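Inside the fold
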Amino acid sequence: MMVATLQINKVSKTFNNESEKVHVLDNINLSVQQDEFLSVIGPSGCGKSTLLKLIAGLDLNYEGNIVLGTKEVIGPSKDRGFIFQEHRLFPWLTVEKNIAGNLSLKDPDTRKRVDNLITLVNLKGFEKAYPRQLSGGMSQRVAIARALLRNPEVLLLDEPFGALDAFTRSHLQEALLEIWKKNQTTMVLVTHDIDEAIFLSSRVVVMDSKPGRIKANVVIDLPYPRRRTSKSFQEFRTAILNHLDHKVEDVEDWSI
Amino acid sequence: MSTQTIVQNKSISIKKRNTNSKKGKIIFRGLFLPIAIILLWQILGSAGILPAQLFSSPLLILTSFLELVQSGELGAHLQISLTRALLGFSLGGFFGLLIGIIVGMNKKSEQYLNPTIQMLRTIPLLVITPLFIMWFGFGELSKVLLIALGTFFPLYLQTFLGIRNVDQKLYDVAQILEYNRLEKVTKLMIPAALPNILLGIRLGLSAAWMCLVVAELLGADQGVGFMIQDARSFMQTDIVFVGIIIFALAGKISDSIVRFLENRLLKWQDSFKA
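Residues numbered from 1 in each chain as written. Chains lettered and ligands numbered in written order. Predicted model: local features only at pLDDT ≥ 70, side-chain atom pairs only at ≥ 80, totals over all residues.

Right, let's get into the overall build of chain B. Looking only at helices and strands, chain B has ten helices and zero strands in total. Ordered by position from N to C terminus, the α and β elements of chain B give α-α-α-α-α-α-α-α-α-α. Its C-alpha atoms give chain B a radius of gyration of 26 Å, clearly above 19 Å, the size a compact globule of 274 residues would have. Once the C-alpha set of chain B is aligned to its principal axes, its extents read approximately 80 × 70 × 30 Å. Looking at chain B as a whole, 30% of its 274 residues qualify as buried. In chain B, the proportion of contacts linking residues at least 24 apart, taken out of those at least 6 apart, comes to 75%. (Helix = DSSP H or I, 4+ residues; strand = E, 2+ residues; numbered from the N terminus. Rg over C-alpha atoms; globule rule 2.2 N^0.38 Å. Buried ≥ 20, exposed ≤ 12 C-beta atoms within 10 Å, placed from the backbone. Contact = placed C-beta atoms within 7 Å.)

So, in structure tokens, the structure goes:
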């Protein structure tokens, strides 16, 4: 029944920092199902962003292997959409041309799909705007539309909402959940925001730093939409905090 | 209360009038010196204080300009000069852009080509001119090639620089979206390097004009530079001045065209506009 889309097998990565070797990732084994929304959480420097880069194929200098479906990852590809922390739009292109990228808007099929995506990410009326005229949240929505146009099997998200204000962030989180349900795209989200991870994911992977290892797998079996204030939400929060080596007492609103 | 409003209104209208007259004043200040010099020049020339052979009076320059235009002489010289400049600029600009892109995109070709180009760049073009005349004769080829060489370096340099300034982060995006090699050049590298490329075109244009003058002064039987050289040997100072003014105008106009292009093509830039 369950289809393992993404397989990460014995992946290790070291950076050579002048004299010393830094183990960024140490023997990471992870398999992600097709219908999963996976979050990777951990302290900064635990290699979670590096892991995402390896899955994207932007860095091929590592041990072990990564397989998507039946194909081994040997470079970047449209199969694996990537949303970066910054929007990374091309500043010389308008919103619609940024989404289209190397596809021509003169092609009626592309035109239609771009228009649909612009509606989906709520940017109607901004088709001809340049990135400098957009707010941070709007730019990030353009970046999401750009990735979705390629119908990726997996969407890799590297702290995509970290630089946004709280209101925009929660709005985009809900939009992302909708896209996940609608498009059946496997999601792999790297974040340092525990609430974000629990709110969105079907499973949370907790990582340790130096060397980067997987510490725990927490399946979040709460029904959607989730309420951040609910008791079960708080329980998951505590559980993940415990895994991250925080003391339970640190959580103020933990009470029975 | 009401008097206050009236006073305020008054001060606003005074302010407005002030800015209007200020603009006029600024333009007047800018024009003051040239007009004063031309007037003084004309007066001193008419009074016979300035030697007429060395300093043709502004009026004389104007009349000989009109004469040259009417006889078609200026038009013919200008046409030849513009053709040379355009040919040389296109040739040098094309190769500057092309090699700039290749060297910018490929480390190996940088290691092979860049040191040599940087070395050749430091040789003053005036030194090469006699060599070009010996190799390619007094004909059009040597002139066009000299102009091309002058244009090549700034365009090569700026294109190379512009491509090396392309954000690695945007390159990653192009990779993930599976841009092919050609698309990476035309849809990422060139647009991103465009501010530098346009600067290169501007610098290349002024280099092209300079090389044109050098080539035409040193050996030619047609062209504005030749016209100047020819007039000099007959002490026709007025025609020399006409030639100089033509070069100044041509330089200014071509620069304005590139500026216009910059404004249109770089409107996406979020740069400080004072």
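The subject of this paragraph is the interface of chain A and chain B. Taken residue by residue, the interface counts 15 residues in chain A and 14 residues in chain B. Residue classes in the side of chain A that touches chain B are distributed as eight nonpolar, three polar and four charged. (Nonpolar A, V, L, I, M, F, W, Y, C, P; charged D, E, K, R; others polar.)

Residues and elements named next belong to chain A. Two strands pair when backbone bridges link them, and strand 3 (residues 37-41) and strand 9 (residues 203-208) are joined in this way by four bridges, in the parallel orientation. Residue pairing for strand 9: V40 is matched across the bridge by V205. Where strand 9 meets strand 10 (residues 213-219), six bridges bridge the pair, whose relative direction is antiparallel. The residue of strand 10 that forms the bridge with M207 is I214. (Pairing = 2+ DSSP bridges.)

The next point concerns the sheet that holds strand 6 (residues 80-83) of chain A. All names here are of chain A. Read across the sheet, six strands follow the order 6-7-8-3-9-10 without closing on themselves; strand pairing throughout is mixed. On the outer flanks of this sheet lie strand 6 and strand 10, each paired with one strand and no other. Strand-to-strand twist across the sheet, computed as the mean angle between neighbouring axes with direction ignored, equals 20°. (Axes fitted to C-alpha atoms, helices over the stretch in contact; angles between N-to-C directions.)

This part covers unusual backbone geometry. The residue after A:Y224, namely A:P225, is reached through a cis peptide bond having omega -10°. Topologically, A:P225 is positioned in the loop between strand 10 and helix 7 (231-243).

We now examine the packing of helix 4 (residues 136-149) of chain A against helix 5 (residues 166-183) of chain A. Residue and element names in this part refer to chain A. Across the interface, helix 4 lies against helix 5 with an axial gap of 11 Å and an inter-helix angle of 15°. Judged by the inter-axis angle, helix 4 sits roughly parallel to helix 5. Relative to helix 5, the crossing made by helix 4 is right-handed. Taking contact as the criterion, the partners of G137, Q140, R141 and L148 in helix 4 are, on helix 5, T168, L172, I179 and N183. In terms of residue class, the contact of helix 4 with helix 5 is made up of three nonpolar, four polar and one charged. (Parallel < 35°, antiparallel > 145°, perpendicular 65-115°, else oblique. Left-handed = near helix turned anticlockwise from the far one by under 90°.)

Without other data, these values stay purely geometric and don't point to any function.
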